[in-house]
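Here are the chains, one letter per residue:
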Amino acid sequence: MDIVLETDQLGKRYGRAWALRDCSLRLPVGRVAALVGPNGAGKSTLLHLAVGLLRPDAGAVRVFGRTPYNDIAVLSEVGFVAQDTPLYRDFTADEMFTMGAKLNRRFDTALAHRRLAQIGIPRDKPVGKLSGGQRAQVALALAMAKRPQLLLLDEPVASIDPLARREFLQALMGVVAETGTTVLLSSHILADLERTCDYLVVLHASQVKLVGDVSALLAEHRQLVGSRDGGPLPAGVAQVVRAEHTDRQSTLLVRTNAPLRDPAWKAYDVTLEDLILAYLGDGDSRPRAGWEVPA
Ligand code: ADP
């Protein structure tokens, strides 16, 4: 399995507070990965470390096996769209593309033109006069025209409306299908991710809570519903990720290592949103006293 981005016990701190800590993950080639977590979780910090804008205080980050902070040549393979798609607002898209072509050896101006034509965005209007969604599309076209092997997007859809968000993500999927680029996309909006991403990284309070292939993660988690005094957990439960209780009933989100067959508990499939929220774990996520995970 080819690994595009790898972090090993990666950490970054500001003063005494860790913005990112003990972060270890491997992003395989060709994936569209969601980097999910609430505000302040460390998403931007991770992306900035990956493009060498920040230097790690602990551990290591490697992009195509190289260290971006010291080896900036690797950045020719990386596209990065920072939060709020910072573009020169007085420049037109055409002017941005001219600049892109001067700064990048392999810049594919035709690809950028084609993308904007497909979605009907004028190339001769200052980008400051475009809508938020259109500006996000210009930033995506600019980043894609660099023909990066890895594309990092920091909250690209946070500030645009749901329709523009869907269009943006469709455009992203289109270019990914066309170019095979590996993508890491940070977001705190969960709704769009199920359609877009096949790999997941959940960050919370500066730590990685969950990482892996989306379909494998969905397959190994279940929601269990049983009576509050439902007795021992079924065999096959490896971890209780989250537990919620009413007077009569307990609802658990569990990680499994074998099929669950126990008439005392009803087992349901989970959605990506259920899974993410369980690992972000606000509320009562403690298993009820006395629940032991079967060996
Ligand atoms: P996210 O992108 O998930 O919202 P960030 O990576 O921006 O999170 O921030 C992670 C933590 O690091 C937050 O607690 C934030 O306040 C802190 N932080 C980020 N940048 C700085 C900075 N330049 N100086 C001090 N603290 C920072």
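Cut-off values and rules
Residues numbered from 1 in each chain as written. Predicted model: local features only at pLDDT ≥ 70, side-chain atom pairs only at ≥ 80, totals over all residues. Heavy atoms only, no water. Near = heavy atom within 4 Å. Polar contact = N/O pair within 3.5 Å; in protein donor to acceptor, adjacent residues only side chain to side chain. Areas by Shrake-Rupley, 256 points an atom, 1.4 Å probe, with all protein chains shown as cover. Helix = DSSP H or I, 4+ residues; strand = E, 2+ residues; numbered from the N terminus. Nonpolar A, V, L, I, M, F, W, Y, C, P; charged D, E, K, R; others polar. Domains from an automatic or database assignment. Contact = heavy atoms within 4.5 Å. Buried area = accessible area lost by both parts, 1.4 Å probe. Salt bridge = Lys/Arg side-chain N within 4 Å of Asp/Glu carboxyl O.

In the annotation of an unreviewed UniProt entry, the entry for the chain reads ABC transporter ATP-binding protein, and the organism field reads Micromonospora craterilacus.

K.L.:
How would you summarise the site of the ligand if you had to cite specific residues and measurements?
P.N.:
Taken together, Tyr 14, Ala 19, Pro 38, Asn 39, Gly 40, Ala 41, Gly 42, Lys 43, Ser 44 and Thr 45 make up the full set of residues near the ligand. One of the backbone N or O atoms of Gly 42 is found 3.0 Å from an oxygen atom in the ligand. Within the contact set of the ligand, an oxygen atom lies 2.9 Å away from a side-chain nitrogen or oxygen of Lys 43. Protein burial of the ligand: of its 560 Å² of free accessible surface, 55% is covered by the chains. Counting residues per element, the shell around the ligand draws most heavily on helix H1 (residues 43-50), at three residues. Classifying every residue of the shell around the ligand gives four nonpolar, five polar and one charged.

K.L.:
Lay out the domain arrangement of the chain in plain terms, naming residues and giving numbers.
P.N.:
Here the chain is described as being made up of domain 1 (3-213) and domain 2 (220-280). The gap between the C-alpha centroids of domain 1 and domain 2 is 34 Å. On the domain 2 side, the residues contacting the 13 residues of domain 1 number ten residues. Carbon and sulfur atoms make up 80% of the area that domain 1 and domain 2 hide from each other, which totals about 930 Å². It is Leu 190, Glu 194 and Leu 210 that lose the most area in domain 1 upon contact with domain 2, and together they represent 50% of the buried surface on that side. Counting every contact that joins domain 1 to domain 2 gives zero salt bridges. Our enumeration of links across domain 1 and domain 2 arrives at two residue pairs in polar contact (both at pLDDT 80 or more). Contributing elements (two or more residues each) for the side of domain 1 that touches domain 2: helix H6 (193-196), strand S8 (199-204) and strand S9 (207-213). If one sorts the elements of the side of domain 1 that touches domain 2 by residue count, S8 sits on top with four residues. Within the side of domain 1 that touches domain 2, the residues separate by chemical class into nine nonpolar, two polar and two charged.

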